[in-house]
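A closer look at the structure
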Amino acid sequence: MKRCIIFFVTILMCCTLNFKAEAAGDKCITCHKKVSTGRVSDWKTSKHYDEDITCSECHGNKHTKAENANLALFPDENKCGECHEEQFEQFASGKHNFGWTSLNALPITHVEPDELMEGGKGCGGCHNMGIKSEEQKKDQLKKGYRYQNNSCDECHTRHSFSKKEAQDPKACQQCHMGYDHPQYDMWDSSKHGTRYFVKEKGNLPKEASAPTCQFCHMPDGTHANKTAWGFLGVRLPLPKDKQWASDQVTILKALGVLNPETGEPTPRLDAVKSVDMVRLTAEDFNKERNKMISQCTHCHSKNYAQTQLEMGDKMLQKSDRLMAEGIEIVAKLYKDRIIKKPEHYTFAYPDLLFFKQTGGSYIDQVLFRMFMKYRMRTYQGVFHANPDYTYWYGWAAMTKSLGEIKELDKSMRATH
Ligand code: HEC
Ligand code: HEC
Ligand code: HEC
Ligand code: HEC
Ligand code: HEC
Ligand code: HEC
Ligand code: HEC
Ligand code: HEC
């Protein structure tokens, strides 16, 4: 009997202890149930709720009432890392960790409105990815922006912080879509995506294979993501094929990474290197490529997978031929002073990293679109098994752009 009582008392104690800050009258929760109900109900669905990790764990306890809401702290990734070291370390060594820094490395970022950057309404809404340095945080606060301190909540949205949500390709969609990197749109309408959605509806058995973004890019749940070609589709050492190597050099000049007159590296190359924008050695490239192929071989033969990816490389090579031709036509207009060097340019040469604010002429914009929208789609489309993106929105549109550039060149020369 005595043992029984001790047992029950222990259970009771556990229950009350475990009966959560919520029931214990945690002030944050009692008040916030009224002022921002959705925050509390989301949190209640989280593992954090089960583990009694309450509001003040992440937001501190200095703010106690409406009047001092400005004292609430906003936790950055380091806070999450205190309890999730493994994911933190992986994330820190992956490509996502460079999102904010690479954004800020671009000249365009500093001529567009702050709302779109630090405020997160444009570029900054996707490039919030990455642990910010103290200096970057200060800069952001100085401009008046106090939110956007955390990138873990980009895939595990707050305050449910759910693993399942992050495993869904929808978690990647907000950022990997649209103009220059429509991976979600490509995957969604590829056979890989089709299988995924048909399976979701229950029209394929649960065991049916259907690769997600996460399966290919975050194998075994790793938070360190990186690909062989990356975003810009350039690499070092240059390809062995002479023409292709020369075309990539032309592209690197238009990216302002090589001096167009001397071919020597510019300071921008260091910026590009510092955020791992290009793989700098063959080993680095092959490491990522081989990792990817080993994911494909969960379902396909190695030979099949390799052949598919090599076609992606070939399409990049062929795109680079068109691209270099376009760049050279516009460069010649600069050289012949038919287009004047804009004041903010270092060289009288196209500068693609000014994005849509590029250049001294409309032809620069056609060139930029050809690079940023259509060249991207041509090879990204092959890699994501999407024939329509590869052809109509990619290759065919590149050919059309080159036609337009040639026409514009002719008329600009005729009317100069
Ligand atoms: C008496 C009510 C009350 C209590 C207690 C309270 N809050 Fe708040 N909190 C508010 C109000 C009101 C706001 C402002 C809401 C708004 O801007 O609409 C706020 C804002 C916040 C914000 C957002 C701040 C911002 O700048 O957007 C956070 C985070 C927060 N509270 C967390 C907490 C935490 C953690 C605790 C407990 C340590 C707590 N609150 C206690 C009422 C309260
Ligand atoms: C595991 C950490 C964590 C816990 C626990 C947590 N929050 Fe948050 N909360 C965050 C993060 C991260 C942000 C976003 C920070 C930013 O934007 O810089 C945030 C933002 C907020 C905001 C401001 C943004 C908005 O959407 O209004 C409020 C209000 C808020 N939390 C309330 C709460 C309340 C109330 C609780 C408890 C029920 C709570 N939080 C528990 C991590 C947490
Ligand atoms: C005080 C420790 C602590 C902090 C701080 C913390 N967590 Fe957790 N978190 C836990 C525990 C404990 C669990 C449950 C056990 C587990 O799944 O690892 C958990 C679970 C999770 C899960 C898995 C949820 C699921 O559906 O299985 C995610 C995702 C997560 N946390 C994200 C975050 C993020 C993002 C932050 C920062 C904003 C954060 N955590 C801060 C302790 C913490
Ligand atoms: C909040 C926006 C955002 C979300 C959500 C997001 N990403 Fe990203 N992703 C980015 C940005 C920004 C970059 C480029 C980072 C940089 O500047 O270095 C990137 C880069 C990548 C890269 C690296 C490409 C390279 O250069 O090699 C991969 C792979 C990737 N993301 C996959 C994913 C997957 C898979 C998901 C979903 C599970 C996802 N991302 C969710 C914004 C996002
Ligand atoms: C819809 C979300 C989104 C917006 C808006 C956005 N980006 Fe990105 N950005 C991404 C993603 C995702 C990647 C990675 C894509 C990939 O690897 O294919 C990326 C890649 C980049 C990269 C290359 C990073 C690298 O290391 O390879 C730079 C630089 C960049 N973006 C700058 C910008 C600038 C400047 C703007 C605004 C003018 C902008 N982005 C707007 C999502 C976005
Ligand atoms: C690009 C999207 C993305 C970002 C950003 C992200 N995660 Fe995750 N996270 C995932 C995915 C996908 C999984 C599920 C992995 C798996 O299938 O095992 C996951 C799983 C987790 C888990 C659960 C691990 C387990 O197996 O129980 C934790 C904890 C976690 N993440 C924490 C973090 C933290 C901390 C950060 C920020 C440093 C972060 N995540 C940023 C996508 C992301
Ligand atoms: C079947 C595997 C697979 C799936 C599913 C997949 N990808 Fe990819 N992804 C690839 C391959 C292969 C590459 C090119 C790798 C290389 O450069 O060698 C790639 C490249 C990328 C890149 C770098 C730029 C590019 O497109 O070449 C990003 C970013 C990316 N994927 C994001 C995503 C997102 C987001 C999803 C889901 C919507 C997704 N991927 C689905 C295989 C996949
Ligand atoms: C989880 C299993 C799985 C993985 C991993 C996977 N695939 Fe697939 N793939 C499929 C299925 C299922 C189909 C549709 C049916 C078929 O063709 O077998 C498909 C179709 C394709 C198609 C279209 C075939 C056609 O005839 O239209 C290509 C191309 C492709 N995959 C390439 C790849 C590449 C490259 C990788 C690795 C980057 C990869 N797949 C990874 C399962 C997978």
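Residues numbered from 1 in each chain as written. Chains lettered and ligands numbered in written order. Predicted model: local features only at pLDDT ≥ 70, side-chain atom pairs only at ≥ 80, totals over all residues.

Counting its secondary structure elements, the chain contains 22 helices and zero strands. Taken along the three principal axes of its C-alpha coordinates, the chain extends 100 × 55 × 35 Å. Counting all 416 residues of the chain, 28% fall into the buried class. (Helix = DSSP H or I, 4+ residues; strand = E, 2+ residues; numbered from the N terminus. Buried ≥ 20, exposed ≤ 12 C-beta atoms within 10 Å, placed from the backbone.)

So, about the packing of helix α3 (residues 27-35) against helix α4 (residues 37-44). In contact at an axis separation of 6 Å, α3 and α4 are set at 125° when each is read in the N-to-C sense. As the angle between them shows, α3 and α4 are arranged oblique. Residue-level inspection shows Ile 29, His 32 and Lys 33 of α3 in contact with α4, the latter providing Thr 37, Arg 39 and Val 40. The residue inventory of the contact of α3 with α4, partitioned by class, reads two nonpolar, two polar and two charged. (Axes fitted to C-alpha atoms, helices over the stretch in contact; angles between N-to-C directions. Parallel < 35°, antiparallel > 145°, perpendicular 65-115°, else oblique. Contact = placed C-beta atoms within 7 Å. Nonpolar A, V, L, I, M, F, W, Y, C, P; charged D, E, K, R; others polar.)

This next bit is on the nonpolar core. Nonpolar side chains in soluble globular proteins tend to be buried together. Ranked by size, the top nonpolar core spans 32 residues in total, and within it Ile 251, Met 323, Ile 327, Val 330, Leu 367 and Met 370 carry the most contacts. Broken down by element, this core gets its largest block of residues, eight residues, from helix α20 (residues 302-335). In contact with Met 323, other than residues within four places in its own chain, are Asp 247, Ile 251, Met 370, Phe 371 and Arg 375. (Core = buried A, V, L, I, M, F, W, Y, C linked by C-beta atoms within 7 Å.)

With that out of the way, let us pick up the site of ligand 1. In the vicinity of ligand 1, 15 residues are found, and the nearest of them are Cys 28, Cys 31, Cys 55, His 59 and Ala 66. Listing elements by their share of the shell around ligand 1, those giving two or more residues are α3 and α6 (55-59). Ranked by residues supplied to the shell around ligand 1, first place goes to α3 with five residues. Of the residues in the shell around ligand 1, the class split is seven nonpolar, six polar and two charged. (Near = placed C-beta within 6 Å.)

Once the domains are mapped, the chain shows domain 1 (17-58), domain 2 (93-149) and domain 3 (242-415). Using C-alpha coordinates to define each centre, domain 1 is positioned 50 Å away from domain 3. (Domains from an automatic or database assignment.)

All right, on to the site of ligand 3 then. The environment of ligand 3 is formed by 20 residues, the closest being Lys 47, Cys 80, Cys 83, Cys 152 and Lys 163. Within the residue set of the shell around ligand 3, elements represented by two or more residues are α5 (47-50), α6, α7 (77-83) and α12 (163-167). Per-class residue counts for the shell around ligand 3 are seven nonpolar, five polar and eight charged.

Here the chain averages 93 in pLDDT, while 94% of its residues score no lower than 70. pLDDT under 50 marks residues 9-18. Its contacts with residues more than four places away, or in other chains, come to zero contacts. (pLDDT = per-residue confidence, 0-100.)

Checked against the element boundaries, Ser 102 lands in helix α9 (residues 99-105). In this structure the C-alpha to C-alpha distance between Ser 102 and Leu 204, which are 102 residues apart in sequence, comes to 41 Å.

Each neighbour pair has its own omega, and for Arg 158 with His 159 the value is -5°, a cis peptide bond. Relative to the helices and strands, His 159 is located in the loop between α11 (134-142) and α12. Residue Pro 237 is bonded to the preceding Leu 236 through a cis peptide linkage, with omega at -10°. Turning to its location among the elements, Pro 237 is positioned in the loop between α16 (213-217) and α17 (242-254). Phi is positive for Phe 161, close to 40°, though the residue is something other than glycine. Structurally, Phe 161 can be placed in the loop between α11 and α12. At Asp 220, a position not held by glycine, the phi torsion is positive, near 55°.

Glancing now at the environment of Gly 60. The topology assignment puts Gly 60 in the loop between α6 and α7. According to the C-beta neighbour criterion, Gly 60 is partly exposed, with 13 such atoms within 10 Å. Expressed as a C-alpha distance, the spacing of Gly 60 and Leu 71, which sit 11 residues apart in the sequence, is 8.6 Å. Here Gly 60 is in contact with Ala 72 and Leu 73, once residues within four sequence places are set aside.

Turning to α17, a few remarks are in order. End to end, α17 covers 19 Å across 13 residues, agreeing with the expected 18 Å (1.5 Å per residue, within 8%). Along α17, the residues that are buried comprise Asp 247, Gln 248, Thr 250, Ile 251, Leu 252, Lys 253 and Ala 254. Tucked inside the fold, the buried residues of α17 contact α20. Gly 256 sits one or two positions beyond α17 and adopts a positive phi of about 75°. (Expected span 1.5 Å × (residues − 1).)

Following the sequence through the fold, Glu 57 ends up in helix α6. A tally of 16 C-beta atoms within 10 Å means that Glu 57 is categorised as partly exposed. With 342 residues separating them in the primary sequence, Glu 57 and Thr 399 have C-alpha atoms 56 Å apart.

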